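# An overview of the molecular structure
As a plain string of letters, each chain reads:
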Amino acid sequence: MAVADFFLTPTAELADIVLPAATWLEMDYVGDFWKRHGYILPRRKVIQVGECRSDHEMLNDLGHRIGQGQYWWDNFEKALDYILHPMNIAWKDFKKMDYLRGEVKYYKYKEAGFSTPTRKFELYSTILEKMGYDPLPQYREPPESPVSAPELYKEYPYILITGARQPGFFHTENRQIGRIRELHRDPIVEIHPDTAAKEGIKEGDWVIIETHRGRVRQRAHLALGCDPRIVAAQHAWWFPEKKDPGHGWDESNINILTTMP
């Protein structure tokens, strides 16, 4: 297993080889070209630290190494040229500029319709239909809800939400930064005060969250905004201060309680 990262995360600790990834200051790139506002700007490489390389460079070179060179570029600068081609400009010239913006044109749909096969605004997706999927959005009951699995609900009487975020963290990132951890030291599970009282839980208590797949622990925060039937747990927790190679990833990481469908 190979991992490219800035830090020795639990995943990197398990890898056979760890490659030093480049930050945005250590690579050339065309910024914001995928966004809808129309602006693009050059992100110019300002420093090279050790052997760090960007994911894009690694993948481009890997494509050649495994015999797929015809689908990649001779070097990554040519990939940047490809992104800029609709503007008739090359990276060597673009990197000298501050930014570019494409022509702004409003109400294009009045002339050419929308960018759908029917040129109409589609609630019924003809693309999804062609691919064999349901063309209309509709509600489907989750497979382990109180309705779908009432016997399971008797044993585990609360509905778990696992996507709660905290400012300063991006998924598993930044938990190793001391100043940010000072603001958010522990994983938090939000519980309605009535539910907490029923279960004998007080603010700040460590509580066990359990499903039929496993169990983890997080600190309780009593929140009036929660539905009494629901507990909302934070995701992506690990503890850099723990010295074992896994850094406590299995202590509070809510993924242990979930599964792919």
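Residues numbered from 1 in each chain as written. Predicted model: local features only at pLDDT ≥ 70, side-chain atom pairs only at ≥ 80, totals over all residues. Heavy atoms only, no water.

## Description of the sheet that holds strand β4 (residues 39-43)
As summarised here, the arrangement of the three strands in space is β3-β4-β5, forming an open sheet in which the pairing is antiparallel. The sheet is open, and its two borders are formed by β3 (29-31) and β5 (100-101), each paired with just one other strand. Sheet analysis places β4 next to β5, joined by two bridges and oriented antiparallel. By the bridge assignment, Tyr39 is partnered in β5 with Arg101. Docked against the sheet, helix α3 (residues 76-84) engages β3 and β4, running at close to 30° with respect to β3. (Pairing = 2+ DSSP bridges. Helix = DSSP H or I, 4+ residues; strand = E, 2+ residues; numbered from the N terminus. Contact = heavy atoms within 4.5 Å. Axes fitted to C-alpha atoms, helices over the stretch in contact; angles between N-to-C directions.)

## So, the pairing of strand β7 (residues 188-191)
The alternating pattern of β7 places Val189 and Ile191 on a buried face and Ile188 and Glu190 on a face that is not buried. Relative to strand β10 (residues 230-234), β7 runs antiparallel, the two being bridged by three bridges. Residue pairing in the sheet places Glu190 in a bridge with Ala232 of β10. (Buried < 20%, exposed > 50% of the residue type's maximum accessible area, 1.4 Å probe, protein only.)

## Thoughts on the layout of surface pockets
The calculated volume of the largest pocket comes to roughly 980 Å³. Forming the boundary of the largest pocket are 33 residues, of which Tyr156, Tyr158, Ile159, Leu160 and Thr211 lie nearest the centre. Taken together, the elements giving at least two residues each to the lining of the largest pocket come down to α7 (150-155), β6 (159-164), β7, α9 (193-199) and β8 (206-211). It is β8 that contributes the most residues to the lining of the largest pocket, five residues altogether. In terms of residue class, the lining of the largest pocket is made up of 21 nonpolar, seven polar and five charged. Estimated volume of the second largest pocket: approximately 580 Å³. Of all the elements in the fold, those that place two or more residues in the lining of the second largest pocket are β1 (2-5) and α1 (10-14). (1 Å grid on protein atoms, 1.4 Å probe; cavity = no way out; pocket = protein on both sides within 12 Å on 5 of 7 lines; lining within 4 Å. Points joined across faces, edges and corners; volume = space filled by probe spheres on them. Nonpolar A, V, L, I, M, F, W, Y, C, P; charged D, E, K, R; others polar.)

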